[in-house]
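Residue-level structural notes
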Amino acid sequence: MIVGEQKSISEIKTIIAPYKKILIMGCGTCVKTCFAGGEDEVAVLASALRLACKKDGKDIDIEEFTVERQCEDEFIQEGAPAVSRNEGVLSLACGAGVQALARRFVKTPVLPGVNTTFIGVLEKQGVFTEECAGCGDCKLAIFGGICPVTRCAKKLLNGPCGGSQNGKCEVNPETDCAWQMIIERLRILGQMENLRVYVPPKNWQTSLSGGPRKMVREDHMI
Ligand code: SF4
Ligand code: SF4
């Protein structure tokens, strides 16, 4: 999932300061799971902003609406009437959702209420970890399902740096050494021979470093 966290109330107050009628639009998919922008977070933020603005003596109308996914026009469309009633939209989706809204409603300012952070997994309740950098050329088959591109601080592809201590990364002792995890996993899988495979330097052109990417699935186009 895409993981993000809600911006602080003070930053959001600054962002919405020019507007008297604002729609807070949530997204019911990734940001809901990481407690940044689902229906509940929209309601809590709306109440907090109403109180904060009242305290500041500012008149503001705040409307709430949540769609299932802000990155798809089909769902965004459901929010069109609410958007038309307001001067601006504060989106609690990821950056893709914010931009999808801005593309759909070109005459309405669309403002970000979330800092989009990474692609990750829910490790345990309330803890999210970054697991994929979306490099566009996945090599997890060699690494026993653990990504050194994302989880090794030095992005090493051919074994550990030698600096880890007690299974922790020398760059950040709070983090498990990705290569220790890879080796342990390969041992469990009986695939230790993978360590002999030379992995050539990565071609970053398939990643964001090659510019914004686009995927076309002609078999799904109508
Ligand atoms: S190799 Fe690339 S696509 Fe695969 S998990 Fe790592 S960053 Fe993501
Ligand atoms: S200690 Fe492990 S995770 Fe950290 S940089 Fe070295 S190999 Fe990578």
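Each remark here, short or long, concerns the structure printed above.
Residues numbered from 1 in each chain as written. Chains lettered and ligands numbered in written order. Predicted model: local features only at pLDDT ≥ 70, side-chain atom pairs only at ≥ 80, totals over all residues.

**Focus on the overall build of the protein chain**
Rules: Counting from the N terminus, the helices are DSSP H or I runs at least four residues long and the strands are E runs at least two residues long. We compute the radius of gyration from the C-alpha atoms alone; for a globule the expected value is 2.2 Å times N to the 0.38, where N is the number of residues. Counting other C-beta atoms within 10 Å of a residue's own tells you its class, since 20 or more makes it buried, 12 or fewer makes it exposed, and anything in between is partly exposed; those C-beta atoms are placed from the backbone. We call two residues in contact if the C-beta atoms placed from their backbones are at most 7 Å apart.
The number of helices and strands found in the protein chain is eight helices and seven strands. For 222 residues, the compact-globule formula gives about 17 Å, and the C-alpha radius of gyration of the protein chain, at 22 Å, lies well above that figure. Considering only C-alpha atoms, the protein chain reaches an extent of 65 × 45 × 25 Å along its principal axes. Considering the protein chain as a whole, with its 222 residues, one finds that 26% of them fall into the buried category. For the protein chain, the share of sequence-separated contacts (at least 6 apart) that also reach a separation of at least 24 residues comes to 57%.

**Quick notes on the site of ligand 1**
So the rule is basically this: Being near a molecule or strand means, for a residue, that its C-beta atom, positioned from the backbone, comes within 6 Å of it. Basically, the charged four are Asp, Glu, Lys and Arg, the nonpolar ten are Ala, Val, Leu, Ile, Met, Phe, Trp, Tyr, Cys and Pro, and anything else, Gly included, counts as polar.
The immediate surroundings of ligand 1 are formed by C132, A133, G134, C135, C138, K139, L140, C147, V149 and T150. Looking at the shell around ligand 1 residue by residue, the classes come out as seven nonpolar, two polar and one charged.

**Some details on the sheet that holds strand β1 (residues 2-6)**
Heads up, the condition is: Strand pairing is assigned whenever DSSP detects at least two bridges linking the two strands. Axes here mean lines fitted to C-alpha atoms, for a helix over just the part in contact, with angles spanning 0 to 180 degrees between N-to-C directions.
Sheet architecture is open: three strands sit in the order β1-β6-β7, paired in antiparallel fashion. Looking along the sheet, the strands with just one partner apiece sit at the ends: β1 and β7 (127-132). Put simply, the sheet's adjacent strands are angled 70° from each other on average, direction ignored. As paired strands, strand β6 (residues 114-124) and β7 are joined by five bridges and run antiparallel to one another. If you follow K124 over to β7, its bridge partner there is V127.

**As for the environment of I62**
Mapped onto the elements of the fold, I62 is located in strand β3 (residues 61-67). The residues touching I62, leaving out its near neighbours within four places in the chain, are I22, I24, A46, L49 and R50.

**Side note on the nonpolar core**
To keep it simple, the criterion reads: Here, a nonpolar core means buried Ala, Val, Leu, Ile, Met, Phe, Trp, Tyr and Cys residues linked by C-beta atoms lying within 7 Å of one another.
In this structure, I24, V31, V89 and L92 are the most contacted members of the largest nonpolar core, which totals 31 residues. Sorting the residues of this core by element identifies β1, α1 (9-16), β2 (21-27), α2 (30-33), α3 (39-55), β4 (88-91), α6 (95-104) and β5 (110-112) as the ones contributing at least two each. With five residues, β2 is the single largest residue contributor to this core. What I24 contacts, discounting residues up to four positions off in sequence, is V42, L45, A46, I62, E64, L90 and L92. One finds I146, C177, W179 and I182 within the second-largest nonpolar core, a separate group that totals eight residues.

**Quick word on the sheet that holds β4**
If you trace the four strands from one edge of the open sheet to the other, you get β3-β2-β4-β5, paired in parallel fashion. Both edges of this open sheet fall to β3 and β5, since each of them pairs with a single strand only. The average undirected angle you get between the axes of adjacent strands in this sheet is 25°. Across four bridges, β2 lies against β4 in parallel orientation.

**Looking at helix α8 (residues 178-189)**
Here is the rule we go by: A helix's residues, less one, multiplied by 1.5 Å, set its expected span.
Here α8 spans 16 Å end to end across 12 residues, near enough to the 16 Å set by a 1.5 Å rise per residue. On the buried face of α8, the contacting elements are α7 (148-151). After α8 finishes, the residue G190 shows a positive phi value of roughly 70°.

**Some words on the environment of Y19**
Looking at the secondary structure, you find Y19 in the loop between α1 and β2. On the basis of neighbour count, Y19 is assigned to the partly exposed category, with 18 C-beta atoms found within 10 Å. In the structure, Y19 is positioned 81 residues away from A100 in sequence and 21 Å away in space, judged by C-alpha atoms. Once residues lying within four places of it in the same chain are set aside, the contact partners of Y19 are E87 and G88.

On their own, these measurements won't tell you what the molecule is for.
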